[in-house]
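# Structural description and commentary
Letter by letter, the chains look like this.
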Amino acid sequence: MISNFRNMLVACAASSAMLLGACATTEAPKPAPAPAPAPAPAPKPAPKPEPKPEPKAKPEPEKKAKPEFLNIEEKIELQGMPFAKAEMTADNKKELDTFIGALRKATKARAVVQVSAVVVTGHTDRIGSLKYNMGLSERRAVVVKDMLVSQGVDQKVIFWEGKAFKQPIPVTKFCDNKMKRKQLIECLSPNRRVTVEVVGRAESLAKPKPKVEPKVEPGKPEPKAKPAAKP
């Protein structure tokens, strides 16, 4: 009985040795592989550049209305020149200064006059021959022409001529040749003259009148427009 128990112990020991040997020869289990690293996050898209604001269109300048021009015609007669002389009296010079000065000064209605042409015409009384008086009237015109040039009027726009006694002042028709010479010379004084005529243009400064629309009373229909006239 004791031998059987011993045999059992031996068998158990052998079995234990075999188990230990099997355990010793068996490889240890490999460690589980490390998990793959998470993929790097995708880079954020670059922010789109903000669109540049479109340049604002420059407002168109207001169209100025074309200026209106006035045709100017002015005339002056420098009367009472000395008998048989091509000279201007003090009054003649003063009158001409005033006349030219007014053209060069703007008024409420117009701007300064732009002179286009000046016509200077010399005259005489009827005493003496036509030939003599024609020459005298031309010399008188030249004297006034020179005065205008000295005042700054362009010589290129000045035209001069003599008319002798062909265009008398109407009132002198009452001067009778039967008068004494001194009285006749004095009576014919208005004919001894130089006429200055200026033609030009000036910008109109008059403000246009606003259009007045007809008032429509409440409750009344608006007036109908008149139909266009048939051609």
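Look a little higher up for the structure.
Only a predicted model underlies this, so the values are computations on that prediction, with no experimental measurement involved. (Residues numbered from 1 in each chain as written. Predicted model: local features only at pLDDT ≥ 70, side-chain atom pairs only at ≥ 80, totals over all residues. Heavy atoms only, no water.)

## Focus on the nonpolar core
In terms of nonpolar packing, the biggest core is built from 22 residues, with Leu96, Phe99, Val118, Val120, Val144, Leu148 and Val196 touching the most fellow members. When residues of this core are traced back to their parent elements, those giving at least two are strand E1 (69–78), helix H2 (90–103), strand E2 (114–122), helix H3 (130–150) and strand E4 (194–203). Ignoring any residue separated from it by four or fewer positions in sequence, one finds valine 144 in contact with Leu78, Met81, Met88, Leu96, Val120, Val194 and Val196. Judged by nonpolar contacts, the second largest core, of five residues, contains Cys175, Leu184, Ile185 and Leu188. (Core = buried A, V, L, I, M, F, W, Y, C linked by side-chain atoms within 4.5 Å. Buried < 20%, exposed > 50% of the residue type's maximum accessible area, 1.4 Å probe, protein only. Helix = DSSP H or I, 4+ residues; strand = E, 2+ residues; numbered from the N terminus. Contact = heavy atoms within 4.5 Å.)

## Focus on H2
Compared with the 20 Å implied by 1.5 Å per residue over 14 residues, the 21 Å span of H2 between its first and last C-alpha is a close match. Those residues of H2 that fall on the buried side of the exposure criterion are Asn92, Leu96, Phe99, Ile100 and Leu103. The arc that holds every buried residue of H2, seen down its axis, measures 90°, which confines them to one face. Opposite the packed face of H2, turned more than 90 degrees from it, sit the exposed residues Ala90, Asp91, Lys94 and Thr98. Next to the buried residues of H2 lie E1, H3 and E4. (Expected span 1.5 Å × (residues − 1). Arc of directions from axis to C-beta.)

## Considering the layout of surface pockets
Counted as a void, the largest pocket has a volume near 170 Å³. Lining the largest pocket, in full, are Ala65, Lys66, Pro67, Glu68, Glu203, Ser204, Leu205, Ala206, Lys207 and Pro208. Taken together, the residues of the lining of the largest pocket sort by class into five nonpolar, one polar and four charged. (1 Å grid on protein atoms, 1.4 Å probe; cavity = no way out; pocket = protein on both sides within 12 Å on 5 of 7 lines; lining within 4 Å. Points joined across faces, edges and corners; volume = space filled by probe spheres on them. Nonpolar A, V, L, I, M, F, W, Y, C, P; charged D, E, K, R; others polar.)

## A short note on the state of the cysteines
One pass over the full model with this rule turns up one disulfide. A disulfide bridge connects cysteine 175 with cysteine 187, and the sulfur atoms are separated by 1.8 Å. Sign of the S-S torsion, about -80° for the bond between cysteine 175 and cysteine 187, identifies this disulfide as left-handed. Taken together, the residues span a long stretch of sequence, with cysteine 175 in the loop between strand E3 (158–162) and helix H4 (181–187) and cysteine 187 in helix H4 at a distance of 12 residues. Owing to a relative accessible area of 3%, cysteine 175 belongs among the buried residues under this scheme. (Disulfide = S-S within 2.5 Å.)

## Remarks on the packing of aromatic side chains
On inspection of all chains with the given rule, the structure shows zero aromatic pairs. Above the face of the phenylalanine 69 ring, arginine 201 is positioned so that its terminal group lies 3.9 Å from the ring centre. (Phe/Tyr/Trp six-rings, centres within 6.5 Å; stacked < 30°, edge-to-face > 60°. Lys NZ or Arg CZ within 6 Å of the ring centre and 35° of its normal.)

## Focus on the sheet that holds E3
In a beta sheet, neighbouring strands are held together by backbone hydrogen bonds and run either parallel or antiparallel to one another. With mixed pairing, four strands are arranged side by side in an open sheet as E1-E4-E2-E3. In this open sheet, the two edge strands, each paired with only one partner strand, are E1 and E3. When strand polarity is set aside, the average angle formed by the axes of neighbouring strands in this sheet is 15°. Pairing geometry for E1 and E4, over 10 bridges, is antiparallel. (Pairing = 2+ DSSP bridges. Axes fitted to C-alpha atoms, helices over the stretch in contact; angles between N-to-C directions.)

## Structural notes on the pairing of E2
In this structure, E2 lies alongside E4, joined through eight bridges in antiparallel fashion. Bridge pairing links glycine 122 to valine 194 in E4. Relative to E3, E2 runs parallel, the two being bridged by five bridges. Within E3, the position partnered with valine 118 by the bridge is isoleucine 158.

## Side note on the environment of asparagine 133
Mapped onto the fold, asparagine 133 is located in helix H3. With a relative accessible area of 1%, asparagine 133 lands in the buried category. Between the C-alpha atoms of asparagine 133 and glycine 122, which are 11 residues apart in sequence, the distance is 9.8 Å. Here asparagine 133 is in contact with Thr124, Asp125, Ile127, Gly128, Ala164 and Phe165, once residues within four sequence places are set aside. Only 3.2 Å separates the side chain of asparagine 133 from the side chain of threonine 124, close enough to count as a polar contact. (Polar contact = N/O pair within 3.5 Å; in protein donor to acceptor, adjacent residues only side chain to side chain.)

On their own, these measurements won't tell you what the molecule is for.
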